Amino acid sequence: MFFQFEDDFVESLRCIPMVVRYKLDTCGVKLKLNHWNQLAQDERLTLVELPCETETEIQAYRSFIHSVVEKHGSDRPSDLPIAAHPEWRDATTIPDSVAEKARSLDQPITLEQWQALAPLQRFALIKLSRSNHENKNFLPALKEFHLI
């Protein structure tokens, strides 16, 4: 459920793990780190474990996030637009940010490699390749996903 490159924080869940970030993007909720840090450990684990694939699960996940954040006295998390065709679900095209980041490390990714990845792995690489993200884990993710 967690990636190896997240090992430095998953035991404490002090940061939002990729699996939760994936679900947040799926349900269209912007959960800030300060919201996350107000949650109890069991609430964080629930967000890790709750399914978020079907329309019913997505709505339930979204409702749970809103209720648990509000329970701690925080403002309701912002809504994000939900992409009709998210990049991580598209196995036919490597996003530019991922291709450029991989090339900058002299580790280009082939389309066949991209297609072999699970959507959550593609999601992680997209997030880790964005310029506004601390992307020190991009290379470890490439190794973990057997791309190099």
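A few points on the structure. As the structure is a prediction and not an experimental result, all values here were calculated from the model.

Rules used in this analysis
- Residues numbered from 1 in each chain as written.
- Predicted model: local features only at pLDDT ≥ 70, side-chain atom pairs only at ≥ 80, totals over all residues.
- Heavy atoms only, no water.
- Salt bridge = Lys/Arg side-chain N within 4 Å of Asp/Glu carboxyl O.
- Helix = DSSP H or I, 4+ residues; strand = E, 2+ residues; numbered from the N terminus.
- Buried < 20%, exposed > 50% of the residue type's maximum accessible area, 1.4 Å probe, protein only.
- Axes fitted to C-alpha atoms, helices over the stretch in contact; angles between N-to-C directions.
- Parallel < 35°, antiparallel > 145°, perpendicular 65-115°, else oblique.
- Contact = heavy atoms within 4.5 Å.
- Nonpolar A, V, L, I, M, F, W, Y, C, P; charged D, E, K, R; others polar.
- Phe/Tyr/Trp six-rings, centres within 6.5 Å; stacked < 30°, edge-to-face > 60°.
- Lys NZ or Arg CZ within 6 Å of the ring centre and 35° of its normal.

**Quick notes on the pattern of salt bridges**
Reasoning step 1: In this structure the tally under the stated criterion is six salt bridges.
Reasoning step 2: Residue Lys 71 is joined to Glu 43 by a salt bridge in which the shortest nitrogen-to-oxygen separation is 2.5 Å. Of this pair, Lys 71 sits in helix α5 (residues 55-71) while Glu 43 is found in helix α4 (residues 41-49), placing the two residues 28 residues apart along the sequence.
Reasoning step 3: Judged by its relative accessible area of 6%, Glu 43 is buried.

**Comments concerning the packing of helix α2 (residues 18-27) against α5**
Reasoning step 1: Between α2 and α5, the shortest axis-to-axis distance is 9 Å and the interhelical angle comes to 105°. When the axes of α2 and α5 are compared, the pair comes out roughly perpendicular. Facing α2, whose interface residues are Val 20, Lys 23, Leu 24, Thr 26 and Cys 27, α5 presents Ile 58, Tyr 61, Arg 62 and Ile 65.
Reasoning step 2: The residue makeup of the contact of α2 with α5, split by class, is six nonpolar, one polar and two charged.

**Describing the packing of aromatic side chains**
The way to describe two aromatic rings as a pair is by their centre distance and the angle between their planes.
Reasoning step 1: Following the criterion strictly, the structure yields six aromatic pairs and no others.
Reasoning step 2: Arranged with centres 5.3 Å apart and planes meeting at 85°, the rings of Tyr 22 and Phe 123 form a pair that is edge-to-face. Pair noted here: Tyr 22 is in helix α2 and Phe 123 is in helix α8 (residues 119-129), with a separation of 101 residues, a long-range link.
Reasoning step 3: A ring pair is formed by Trp 88 and Phe 123, whose centres lie 4.9 Å apart and whose planes are at 90°; its orientation type is edge-to-face. One end of the pair, Trp 88, is in the loop between β2 (78-79) and α6 (96-104); the other, Phe 123, is in helix α8, and 35 residues separate them in sequence. As far as the burial class goes, Trp 88 and Phe 123 line up, both buried.
Reasoning step 4: Taken together through their ring pairs, the aromatic side chains of Phe 3, Phe 5 and Phe 145 make up a single cluster.
Reasoning step 5: Lying across the ring of Trp 114, Arg 122 places its NZ or CZ 6.0 Å from the centre.

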